[in-house]
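Single-letter residue listing:
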Amino acid sequence: MKQTMLRLALLFCVLTPLGVLHAEEGPTLKKVNISLDQTTLRKGLNVFTDVCMGCHSLRYMTWRDLMTYPEIGLSRQDVDDLRGDAPLSARMLTELSAKDAMDSYGIVPPDLSLIARARKGHGAYIYSILTGFEHDPKGRVPDGNYNVYFPGHRIAMSDPLGWLDHDSEDEADLKAQAQDVASFLTFVGEPHQVERLAIGKWVMIFLVLMTFVLWLLKRAVWQDVEH
Amino acid sequence: MIDKMLDSKVAGWVDDRTHLIRYIRFHLIDYPTPKNLNYWYAFGSIALLILVLQIVTGVFLAMDYKPSAILSGGGFSVAFDSVERIMRDVNDGWLIRYMHAVGASAFFFVIYLHMARGMYYGSYKKPREFLWMMGVFILIFMQAIVFFGYLLPWGQMSFWGATVITNIIGAIPFVGDWLLQLVRGGFSVGDPTLNRFFALHFLFPVLLGIVVLWHVMALHVVHSNNPVGVEASEKNIIPFHPYYTVKDLFGIGVFLIIFCWFVFYHPTGFGLMIETDNFNPANSMRTPADISPVWYLTPWYEILRSVPNKLLGIAGMALAYVCLFLLPWLDRSPVRSARYRPVYRSLLLIFFVSIVVLGYCGHHPVTPMLTVVGRTASVIYFSFFVLLPFIHKFEKTKPLPEDI
């Protein structure tokens, strides 16, 4: 009896991981090193304002945030140069109107504030998209809209970094841009993450010490109980 | 020191007028406990701690949250914006929200272990049947509460999860449509749904708190069972304080290490506690490819999904709960602890595996293979309860000790 049950349990243990293989689909994303240091984030910000912001907004970031979050920590002068006439408290919105976007691309480009959190693969997904433009082997999707990492492989965004047909000397630069902007968007998705990890370390150290003391206390109290 | 405080004049004055000190003594200090309780018995205290944490963090979140599905531009809503405001602009708002979100998962994790402990050591048996039933009620109540709570961020999974699960109600004969509209406050999940779910998500935990207090008081009437499952003699009984206060505190320390590791290092629980798709604002025009409830609801969801007919599926899920309620009467063996019941023990472990498998299947999109696995697991889940009334007839229990 027990033997059969054990076997049944084993069977499940075998079947379940099979299910995992079954459920996974889509191409494996490219690997990217997401770093949240100031240099990378500032470079990523520049790529964003120079390129992406032509179409995309960051509705949860204001211009002032670029000064107040120490991870980016721009000076007032730098922010003034970027924001133009927009007030400091304004959100970082694109100038592309929804109507124009519909006319040009047939879709309003999504807000990117949370894109790094809202896609499986997170930063690696953004990086893969930006460096994933190819010629459609079947020749159906026009150049600049064929992207293996996008569901359905047809994306309405046309190759923003100019990845397709890039020179071999540009390759490193484009990869760096994609990596920087992916890092920047990862930061924007959760601007308190650096702080979170920094606090977390101390919390963990404190808790481990506290728990150790509690263990000693427990041992001392239970000493006289035979168990 | 505590003794001194409770014996003080002030305490005496309060006690003469409210009996408060007497209750504290009875429930937290003198409560007689068998001395052989292991760490599995810490999950009750841990669950109590999480309940308090959830209520405290929840109240703070409610101060900045706005339950409104009204659009604020670009497909975002007032509710979604207010959650992001908490995450970005409210002082330590991110920490409070993560504690609340991870806390919900932790609560279920701990309650499931607490229940597994009860089943393993036969803690549901006479005289603790009522205690067990209250526990099952608490579980169902908690599931209702998280279901309401998960709608509040008004993300894609909030919206579609609520749509799929409330749809189930519509399959109930005769009253289904009426009930569905009552729950949703309209024909589809929308702003009225969000408003009433917020109201209920605020009210129900308070009621849950009352039921939990009752659960603890009821425990203190029938007293704790123990891993051996026989009554402890006088000499093996020790007071709750200081023995189990320190033991539970150590357990709580270990729990907090794991809890905070998630809060600070993996606050979305690898996409299990806050699902990735929930960072997309709710969009009624775009159905996600894969709608799955959060992990702690998936075993029950999978039982429902295993039955091809919707109405029978509901009946199956209801039956799954009814079986749990009836556990004290389905099991007819006089021996409590699984330590002395080889057959029950094996069946129980398989039962636990079946729940894990159900949870796994319920979390993934349907594939022909997962359907087969899910159905098998459902059958195993129910077989446990079907076999239970009969196993005492042939089970050779190991000899029980006189005392613990």
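See above for the structure.
The text that follows walks through the structure, step by step, so that each part is easy to find.

Conventions adopted
- Residues numbered from 1 in each chain as written.
- Chains lettered and ligands numbered in written order.
- Predicted model: local features only at pLDDT ≥ 70, side-chain atom pairs only at ≥ 80, totals over all residues.
- Heavy atoms only, no water.
- Contact = heavy atoms within 4.5 Å.
- Buried area = accessible area lost by both parts, 1.4 Å probe.
- Salt bridge = Lys/Arg side-chain N within 4 Å of Asp/Glu carboxyl O.
- Polar contact = N/O pair within 3.5 Å; in protein donor to acceptor, adjacent residues only side chain to side chain.
- Helix = DSSP H or I, 4+ residues; strand = E, 2+ residues; numbered from the N terminus.
- Buried < 20%, exposed > 50% of the residue type's maximum accessible area, 1.4 Å probe, protein only.
- Phe/Tyr/Trp six-rings, centres within 6.5 Å; stacked < 30°, edge-to-face > 60°.
- Axes fitted to C-alpha atoms, helices over the stretch in contact; angles between N-to-C directions.
- Parallel < 35°, antiparallel > 145°, perpendicular 65-115°, else oblique.
- Left-handed = near helix turned anticlockwise from the far one by under 90°.
- Nonpolar A, V, L, I, M, F, W, Y, C, P; charged D, E, K, R; others polar.

**A closer look at the interface of chain B and chain A**
Across the contact, 51 residues belong to chain B and 49 residues belong to chain A. In this assembly, chain B packs against chain A so that about 4500 Å² is buried in total across both faces, 72% of it on carbon and sulfur atoms. Looking at the side of chain B facing chain A, the largest losses of area belong to B:Arg88, B:Trp94 and B:Phe264, adding up to 16% of the total buried there. At the surface where chain B touches chain A, the tally comes to one salt bridge. Put simply, chain B and chain A have 15 residue pairs in polar contact (both at pLDDT 80 or more) between them.

**Here's the deal with the environment of B:Val83**
All names here are of chain B. Inspection of the secondary structure puts Val83 in helix H5 (residues 78-88). With a relative accessible area of 9%, Val83 lands in the buried category. As a C-alpha pair, Val83 and Leu387 span 304 residues in sequence and 48 Å in three-dimensional space. Discounting chain neighbours no more than four positions away, the residues touching Val83 are Tyr65, Arg97 and Pro153.

**A look at the packing of aromatic side chains**
Residues and elements named next belong to chain B. Summed over all chains, the structure comprises 43 aromatic pairs over all chains. Ring centres of Phe108 and Tyr296 lie 4.4 Å apart, and the angle between their planes is 10 degrees; this geometry places the pair in the stacked category. Note that Phe108 is positioned in helix H6 (residues 93-120) and Tyr296 in the loop between helix H11 (240-265) and helix H12 (298-306), a separation of 188 residues in sequence. The pair formed by Phe108 and Tyr296 is uniform in burial state, with each residue classed as buried. When the centroid spacing of 5.4 Å and the interplanar angle of 90 degrees are considered together, the rings of Phe351 and Phe385 count as edge-to-face. Of this pair, Phe351 sits in helix H14 (residues 342-363) while Phe385 sits in helix H15 (residues 368-394), and the two are 34 residues apart along the sequence. Taking relative accessible area as the criterion, Phe351 reaches 2% and is therefore assigned buried.

**Some words on the packing of H6(B) against H14(B)**
For any two helices packed against each other, one specifies the crossing angle of their axes together with the interaxial distance. All names here are of chain B. Interaxial distance between H6 and H14 falls to 11 Å at its minimum, and their mutual angle equals 160 degrees. By the criterion of interaxial angle, the relationship of H6 to H14 is roughly antiparallel. The element H6 and its partner H14 pack so that their crossing is right-handed. Across the interface between the two elements, Ala116, Met119 and Tyr120 of H6 pack against Tyr344, Arg345, Leu348, Leu349, Phe351 and Phe352 of H14. Residues of the contact of H6 with H14, tallied by class, amount to eight nonpolar, no polar and one charged.

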